[in-house]
Amino acid sequence: MELSKLSSTCFGLTLCLLSVYTVAQAPNPRFKAVNLGGWLVIEGWIKPSLFDGIPNKDLLYGTQVQFKSVKLGNYLSSENGGGSIIVANRTSASGWETFTLQRTTDVKYQFRVFNGQFIGQGSGKDVVSIANDPGTTETFEIIRNPGDNKRVQIKASNGMFLQETGNRVTADFQGDLGWGDNSPAVFVTTIIRTLQGEYQLTNGYGPDKAHQIMNDHWNSYIVEDDFRFMSNNGINSMRIPVGWWIASDPTPPDPYVGGSLNALDNAFTWAEKYGLKIIVTLHAAPDSQNGNEHSGTKDGSQNWGKTQRNIDQTVSIIDFLTSRYAKRSSLLAVELINEPLAPGVFLDSLTKYYKAGYDTVRKYTSTAYVIMSNRLGPANPKELFPLTNGLTNVVIDVHYYNLYSSMFNSMTVQQNIDFIYNDRAQQVSSITTANGPLTFVGEWVAEWAFQGASKEDYTRFAKAQLDVYGRASFGWAYWTYKNVNGHWSLKWMIENGYIQL
Ligand SMILES: *[C@@H]1O[C@H](CO)[C@@H](O)[C@H](O)[C@H]1NC(C)=O
């Protein structure tokens, strides 16, 4: 499969610069894969019912909330963004008026302010945001009005409720003026952002319930019959997202629960039975590489790659996964990390990690492909090319959606399709080069911003993408296999005649 080529550039008689690069031949046939999204790494939008049994399921860990005093009509705000008092005198809400919840029980929460500190009881009556590590006095109970659960009272650890007293907020209301507009202790919540990832799910259920819910999901969402379905319908491979906590199964760090490793083992067994190949992709890296729920983020923050320790920890997860599956005939590739986001993930941290990750995979296998995901955000699509020089069986992963950018919002059906045949085709061809790495469109979907498209429109859109992404030298993978939203489910698209492979 692999031809290594040595080229030399010589200056004069004595000085020779050698440059080694790799010509990787396209696999034949190319891979037609599907992502098993929402299986071993939870994404709420793919299967919302997983969250149904969580009390206060709209106030999960990492939820961002604003609070408006019913009496004054003003928003609570952390003065100066943090490190000062909490006030109730803002008529409009933005960053300083937004609090990120850390959920400690079904009803108890800590509130992180804009600058990172936590709300707590100060030494006097004033509520302040000075603590960097939340403790008892930074932990509050949110009590919701049963008749209108947007209305809340917030009970401090001293047993009293927060109230607005003119400009200031104090923790000294004794309780019960009811839920009406005249109470200084009633606030209306506005939820600004909700995350529904695996952290939120397991934290929300608590250890015992989470263990049961997650294992039921892992054992029923993807089963052997799905592998038969894929092999009968022209799919020859799959990309399986995993989270960093799989490496410490069966006892991953709180709140994660064990069991996903057993599910992945089953996938290898079934893949071998049906002649399918598996790409294991580290979707959720420690400390989150993009702040999205599919990266296992706690609260939307993105801190992956900021320390050597974090990079080393991530490499050890690749070591664990490769050593476990290197000898399995269905292991096609290890993808080192999914969708690192620029500018938060720096190219030099990523390069350092990719080099170490590549070497780690090669300790166990010379044949498995090593897939490197391009950075999302402002990044050159060929920025990893220098790194891949001299490496063997390396693949660059790009993700193409006609979504997530306002430029797609006003496109007609035909404009969407033209965009594939023109812009995307040009992008694929510019990264698919004779001497460069193999290329993989590791995520795409036949969905768009356009409303009211016909089945035939969707079929044409899917076909355009199959045509163009089929030119990527490694192959492509549809996002995703199962999804409550039909167009996002390749299984549904095949069963309903939208896509034929
Ligand atoms: C809000 O109240 C604080 C504390 O009394 C005061 O320092 C600040 O200027 C007030 N801000 C506004 C916008 O009224």
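Residues numbered from 1 in each chain as written. Predicted model: local features only at pLDDT ≥ 70, side-chain atom pairs only at ≥ 80, totals over all residues. Heavy atoms only, no water.

K.L.:
An account of the overall build of the protein chain is requested, with residue identities and associated values reported.
P.N.:
Summing up its helical and strand segments, the protein chain has 10 helices and 22 strands in all. In summary, the protein chain has a C-alpha radius of gyration of 26 Å against a globular reference of 23 Å for 501 residues, a match within 12%. The C-alpha extent of the protein chain, read off along each of the three principal axes, is 85 × 60 × 45 Å. In the protein chain, buried positions account for 56% of the 501 residues. In the protein chain, 69% of the contacts between residues at least 6 apart in sequence involve partners at least 24 apart. Seen as two clouds, the 42 positive and the 45 negative side-chain charges of the protein chain have centres 3 Å apart. (Helix = DSSP H or I, 4+ residues; strand = E, 2+ residues; numbered from the N terminus. Rg over C-alpha atoms; globule rule 2.2 N^0.38 Å. Buried < 20%, exposed > 50% of the residue type's maximum accessible area, 1.4 Å probe, protein only. Contact = heavy atoms within 4.5 Å. Lys, Arg positive; Asp, Glu negative; His and termini not counted. Charge placed at Lys NZ, Arg CZ, Asp CG, Glu CD.)

K.L.:
Can you lay out the confidence of the model for the protein chain for me, pointing to particular residues and giving the numbers?
P.N.:
With 95% of its residues at a pLDDT of 70 or more, the protein chain has an overall mean of 94. Long-range and interchain partners of residues 1-23, a stretch whose pLDDT sits below 50, account for 41 contacts in this model, where long-range means more than four residues apart. (pLDDT = per-residue confidence, 0-100.)

K.L.:
I'd like to hear about the nonpolar core, residue by residue, with values.
P.N.:
With 105 residues, the main nonpolar core has Trp39, Ile240, Tyr353, Met372 and Tyr478 as its most contacted residues. In this structure Tyr353 touches Leu282, Trp304, Ile311, Thr314, Val315, Ile318, Leu336 and Ile337, once residues within four positions along its chain are discounted. Tyr109, Ile119, Phe140 and Phe187 belong to the second-largest nonpolar core, a separate cluster that totals 22 residues. (Core = buried A, V, L, I, M, F, W, Y, C linked by side-chain atoms within 4.5 Å.)

K.L.:
Please set out helix α5 (residues 308-325) residue by residue, giving values where relevant.
P.N.:
Helix length check: α5, at 18 residues, gives a terminal C-alpha distance of 26 Å against a target of 26 Å (1.5 Å per residue), a fit within 8%. For α5, every residue scored as buried is listed here: Asn310, Ile311, Thr314, Val315, Ile317, Ile318, Asp319, Leu321, Thr322 and Tyr325. (Expected span 1.5 Å × (residues − 1).)

K.L.:
An account of the packing of aromatic side chains is requested, with residue identities and associated values reported.
P.N.:
One pass over the structure, following the stated rule, counts 30 aromatic pairs. Between the aromatic rings of Tyr400 and Tyr469, the centroid separation amounts to 5.6 Å while the plane-to-plane angle is 40 degrees, which identifies the pairing as tilted. Taken together, the residues span a long stretch of sequence, with Tyr400 in the loop between β20 (394-399) and α8 (413-431) and Tyr469 in helix α9 (residues 455-469) at a distance of 69 residues. Across the pair, Tyr469 and Tyr400 agree in class, each one buried. When the centroid spacing of 5.1 Å and the interplanar angle of 40 degrees are considered together, the rings of Trp448 and Tyr458 count as tilted. Taken together, the residues Trp448 in the loop between β21 (438-444) and α9 and Tyr458 in helix α9 connect sequence positions 10 residues apart. Following the ring pairs from residue to residue traces out a cluster consisting of Trp448, Phe450, Tyr458, Phe461, Trp492 and Tyr498. Residue placement shows Lys482 over the ring face of Tyr221; its charged tip is 4.5 Å from the ring centre. Above the ring of Phe229, the side-chain terminus of Lys491 is found at 5.7 Å from the ring centroid. (Phe/Tyr/Trp six-rings, centres within 6.5 Å; stacked < 30°, edge-to-face > 60°. Lys NZ or Arg CZ within 6 Å of the ring centre and 35° of its normal.)

K.L.:
Any details on the sheet that holds strand β16 (residues 237-243)? Residues and values, ideally.
P.N.:
Strand pairing in a sheet relies on backbone hydrogen bonds. The paired strands run either parallel or antiparallel. Strand order in the closed barrel formed by eight strands is β3-β16-β17-β18-β19-β20-β21-β22, and the pairing between neighbours is parallel. Geometrically, the sheet is characterised by an average inter-axis angle of 25 degrees between neighbouring strands, direction not taken into account. Summarising the sheet, strand β17 (residues 277-284) and strand β18 (residues 331-335) pair through four bridges and their orientation is parallel. In the sheet register, Ile279 faces β18, and the bridge partner there is Ala333. (Pairing = 2+ DSSP bridges. Axes fitted to C-alpha atoms, helices over the stretch in contact; angles between N-to-C directions.)

K.L.:
I'd like to hear about the site of the ligand, residue by residue, with values.
P.N.:
In the vicinity of the ligand, the contacting residues are Glu79, Val87, Asn89 and Asn167. Glu79 has a polar side-chain atom sitting 3.4 Å from an oxygen atom of the ligand. In this structure, an oxygen atom belonging to the ligand sits 2.2 Å away from a side-chain N or O atom of Asn89. In the complex, the protein chains occlude 51% of the 360 Å² of accessible area that the ligand would expose alone. (Near = heavy atom within 4 Å. Polar contact = N/O pair within 3.5 Å; in protein donor to acceptor, adjacent residues only side chain to side chain. Areas by Shrake-Rupley, 256 points an atom, 1.4 Å probe, with all protein chains shown as cover.)

K.L.:
So, the packing of helix α1 (residues 198-205) against helix α2 (residues 207-221): which residues are in play, and what are the values?
P.N.:
As a packed pair, α1 and α2 sit with axes 6 Å apart at the nearest point and diverge in direction by 130 degrees. Classified by the interaxial angle, the pair formed by α1 and α2 is oblique. Touching Glu198, Leu201, Thr202 and Tyr205 of α1 are Pro207, Lys209, Ala210, Ile213, Met214 and Trp218, all from α2. Grouping the constituent residues of the contact of α1 with α2 by class yields seven nonpolar, one polar and two charged. (Parallel < 35°, antiparallel > 145°, perpendicular 65-115°, else oblique. Nonpolar A, V, L, I, M, F, W, Y, C, P; charged D, E, K, R; others polar.)

K.L.:
Would you mind going over the side chain of Asn56 in detail, with residue names and values included?
P.N.:
Mapped onto the elements of the fold, Asn56 is located in the loop between β3 (31-35) and β4 (64-69). Within polar-contact distance, the side chain of Asn56 engages the side chain of Arg144 at 2.9 Å.

K.L.:
Can you explain the pairing of strand β15 (residues 187-193)? Please cite residues and give values.
P.N.:
Here six bridges tie β4 to β15, and the two strands are oriented antiparallel to one another. From the neighbouring strand, Gln66 faces β15, where its bridge partner is Thr190. With two bridges joining them, strand β12 (residues 148-155) and β15 adopt antiparallel strand pairing. Following the sheet pairing, Val152 is matched in β15 by Phe187.

K.L.:
I'd love a proper account of the environment of Asn422, names of residues and values included.
P.N.:
Secondary-structure assignment places Asn422 in helix α8. A sequence separation of 117 residues divides Asn422 from Gly305, and the C-alpha atoms of the two residues are 35 Å apart.

K.L.:
Let's hear about unusual backbone geometry: which residues, and what values?
P.N.:
Cis geometry is adopted by the peptide bond preceding Pro250, which originates at Asp249 and carries an omega value of 10 degrees. You can see Pro250 is positioned in the loop between β16 and α4 (260-274). That bond from Asp254 to Pro255 is cis: its omega, 5 degrees, falls within 30 degrees of zero. By the secondary structure assignment, Pro255 is in the loop between β16 and α4. A positive phi angle, close to 50 degrees, is found at Asn56, a residue other than glycine.

K.L.:
Which residues make up the domain arrangement of the protein chain, and what values go with them?
P.N.:
The domains assigned to the protein chain are domain 1 (13-52 + 197-495) and domain 2 (64-193). On a C-alpha basis, the centroid separation for the pair domain 1 and domain 2 is 40 Å. Taken together, the contacts link four residues of domain 1 with five residues of domain 2. Between domain 1 and domain 2 the total buried area reaches about 360 Å² when both faces are included, carbon and sulfur atoms providing 25% of it. On the domain 1 side of the contact with domain 2, Asn203, Gly204 and Asp299 bury the most area, a combined 90% of that side's loss. Put simply, domain 1 and domain 2 have one salt bridge between them. (Domains from an automatic or database assignment. Buried area = accessible area lost by both parts, 1.4 Å probe. Salt bridge = Lys/Arg side-chain N within 4 Å of Asp/Glu carboxyl O.)

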